[in-house]
Every structure is written in structure tokens, then in C-alpha cells.
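Take a look at the letters that make up each chain.
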Amino acid sequence: MFDFLSGYMEWIRAVHIIFVIFWMAAMLYMPRLFVYHYNAKPGGELDETLKIQEAKLLRIIMNPAMIVAFITGLTLVYVRHGEFGETWWLPIKLGLVFILMGYHGYLSKTRKLFAIGERPRTERFYRLANEVPAILTVFIVILAVIEPF
Ligand code: HEM
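The following refers to the structure shown. Only a predicted model underlies this, so the values are computations on that prediction, with no experimental measurement involved. (Residues numbered from 1 in each chain as written. Predicted model: local features only at pLDDT ≥ 70, side-chain atom pairs only at ≥ 80, totals over all residues. Heavy atoms only, no water.)

Some remarks on the overall build of the protein
Piece 1. Regarding its fold elements, the protein presents five helices and zero strands.
Piece 2. Expressed as lengths along the three principal axes of its C-alpha atoms, the size of the protein is roughly 55 × 30 × 20 Å.
Piece 3. Looking at the protein residue by residue over its 149 residues, the buried ones come to 36%.
Piece 4. Of the accessible surface of the protein, which amounts to about 8,900 Å², a share of 71% is contributed by carbon and sulfur atoms.
Piece 5. Taking the average location of the 15 positive side-chain charges in the protein and that of its 12 negative ones, the two points are 8 Å from each other. (Helix = DSSP H or I, 4+ residues; strand = E, 2+ residues; numbered from the N terminus. Buried < 20%, exposed > 50% of the residue type's maximum accessible area, 1.4 Å probe, protein only. Areas by Shrake-Rupley, 256 points an atom, 1.4 Å probe, with all protein chains shown as cover. Lys, Arg positive; Asp, Glu negative; His and termini not counted. Charge placed at Lys NZ, Arg CZ, Asp CG, Glu CD.)

Considering the site of the ligand
Piece 1. The ligand sits among 23 residues. The nearest are Met9, Arg13, His16, Arg80 and Lys93.
Piece 2. Between lysine 93 and the ligand, the recorded distance is 2.5 Å, taken from a side-chain N or O atom to a nitrogen atom.
Piece 3. Mapping the ligand onto the cavity grids shows that it belongs to the largest pocket.
Piece 4. Within the residue set of the shell around the ligand, elements represented by two or more residues are α1 (9-38), α2 (45-80), α3 (89-115) and α5 (131-146).
Piece 5. For the shell around the ligand, the residue count by class is 17 nonpolar, three polar and three charged. (Near = heavy atom within 4 Å. Polar contact = N/O pair within 3.5 Å; in protein donor to acceptor, adjacent residues only side chain to side chain. 1 Å grid on protein atoms, 1.4 Å probe; cavity = no way out; pocket = protein on both sides within 12 Å on 5 of 7 lines; lining within 4 Å. Sits in = over half its atoms within 2 Å of the grid points. Nonpolar A, V, L, I, M, F, W, Y, C, P; charged D, E, K, R; others polar.)

Let's talk about the environment of phenylalanine 22
Piece 1. Topologically, phenylalanine 22 is positioned in helix α1.
Piece 2. On a C-alpha basis, the gap between phenylalanine 22 and proline 64 in space is 9.3 Å, while along the polypeptide they are 42 residues apart.
Piece 3. With residues near it in sequence (within four places) discarded, phenylalanine 22 still touches Ile61 and Ala65. (Contact = heavy atoms within 4.5 Å.)

Here's the deal with the coordination of the iron atom of the ligand
Piece 1. Around the iron atom of the ligand, the donor atoms from the protein are His16 (NE2) and Lys93 (NZ), and they sit 1.7 to 2.1 Å away.
Piece 2. For the iron atom of the ligand, the six donor atoms in the first shell make angles of 82 to 178° at the metal, so the coordination geometry reads as octahedral. With histidine 16 in helix α1 and lysine 93 in helix α3, this pair connects stretches of sequence that are 77 residues apart. (Donors = N, O, S within 2.8 Å, 3.2 Å for Na, K, Ca; no water. Tetrahedral: all angles 85-135°; square planar, octahedral: opposite > 155°, others 65-115°.)

Examining the packing of α3 against α5
Piece 1. It is the contact of α3 with α5, at a shortest axis distance of 9 Å, that shows an interaxial angle of 160°. Judged on the interaxial angle alone, α5 and α3 are roughly antiparallel. The way α3 lies across α5 gives a crossing that is left-handed. On the side of α3, the interface is formed by Trp89, Ile92, Lys93, Leu96, Val97, Ile99, Leu100 and Tyr103, while α5 contributes Val132, Pro133, Leu136, Phe139, Ile140, Leu143 and Ala144.
Piece 2. Here the residues of the contact of α3 with α5 sort into 14 nonpolar, no polar and one charged. (Axes fitted to C-alpha atoms, helices over the stretch in contact; angles between N-to-C directions. Parallel < 35°, antiparallel > 145°, perpendicular 65-115°, else oblique. Left-handed = near helix turned anticlockwise from the far one by under 90°.)

Brief notes about the nonpolar core
Piece 1. Among the nonpolar cores identified, the biggest contains 29 residues, and Trp23, Met27, Met30, Met62, Leu100 and Leu107 are the most heavily contacted of them.
Piece 2. Every element with two or more residues in this core is listed here: α1, α2, α3, α4 (123-129) and α5.
Piece 3. Setting aside its immediate chain neighbours within four residues, methionine 30 contacts Glu54, Leu57, Leu58, Met62, Leu107 and Arg111. (Core = buried A, V, L, I, M, F, W, Y, C linked by side-chain atoms within 4.5 Å.)

Next up, the structure:
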């Protein structure tokens, strides 16, 4: 039914990579905002500014980018489905991607807590949490480009 898609393979892969970059950029930036927000006095000017920035980052970039990365990724799976045979790079990649989606959900939940004036965890925790998408991206991109096994 969707065989015409194979003619747009390179475009779909390009859009996939573009929106993966937007998604990762937002997931690297959100914990950084939490680091600043942690020390902001609830109800103060900085608190209000960061609430707006975090909400916009999630709704305008992080959520839409994840959805487009997912749809283009699944389209790539569909178009190339005959080629994966015994390969393991894609199942392992998708396993790491689901960890990223769990992390996305965690950031979204944490944003809601900051928006109601709570200050969950510690400043140091968000500095470390910042590394999670970076480390996962290294492994995911190597799997996707090299297709090692
Ligand atoms: C959301 C679920 C995802 C699915 C279902 C998915 C699926 C795929 C598939 C099937 C390909 C192979 C396309 C090809 O080479 O023909 C691909 C390419 C790629 N994916 Fe994903 N992907 C997803 C998320 C991600 C994420 C989160 C990253 C990075 C953090 C990523 C990075 C890449 C890269 C860099 C390529 C290009 C590889 C190349 O051109 O050789 N993908 N993806």
C-alpha cells in the first residue's frame, strides 16, 4: 500500500535525523532549565519566566520533535522491513530509544511539579540528568549508521 514511500527514502531519513536533533536538543536543554529553576524563589519573577520557557520548550519543540522522529523512524522500518532479517542493531536501537522516551516522560512530569512550585530532587541531580540523552545518542547513532550487527 505504501510502496511509493521507498522513492522518498532519503528525504524520510533526512527528516528523521533533523527531528531527532531537535528532540535531543530539547531534552538536553530542559534539565538545564531545571538547574536554574531549582534555586528560583516560587512565585518570583525568575520562577514565572522559567515556567513559561519550560512549557514552550515542551509543547513547541520537545513533544512535536519526538512525534515526527517516531513517525519517520517507523516509516523507515516499514520501507526497509525486508532488509533487517537477522540484524540486531534496530531492536537494540529501539530499546535505547524507549529509554529516551521514558526520560522524555520524566522531564514532562518534573516540569509539572516545578510549575506548581515544587522543587523535586537536587540541583546536582539535574546537572547529571543532563548527560542521559547525550550518552544514549552516542550509542543510538553508532547503531543506526554503522549497523554493526
Ligand atoms: C523514535 C523511534 C525511532 C525509530 C523507529 C528509528 C528507526 C530508524 C531506522 C529504521 C533507520 C534506518 C534508516 C536507513 O538507514 O535506511 C534510522 C536511521 C537513523 N536513526 Fe533512527 N529511529 C528512531 C529514533 C532515533 C533516535 C532517537 C535517534 C538518535 C538519537 C536516531 C538516529 C538515527 C540516525 C542518525 C539514522 C541515520 C542512519 C544512516 O543514515 O545511516 N533515530 N532510524
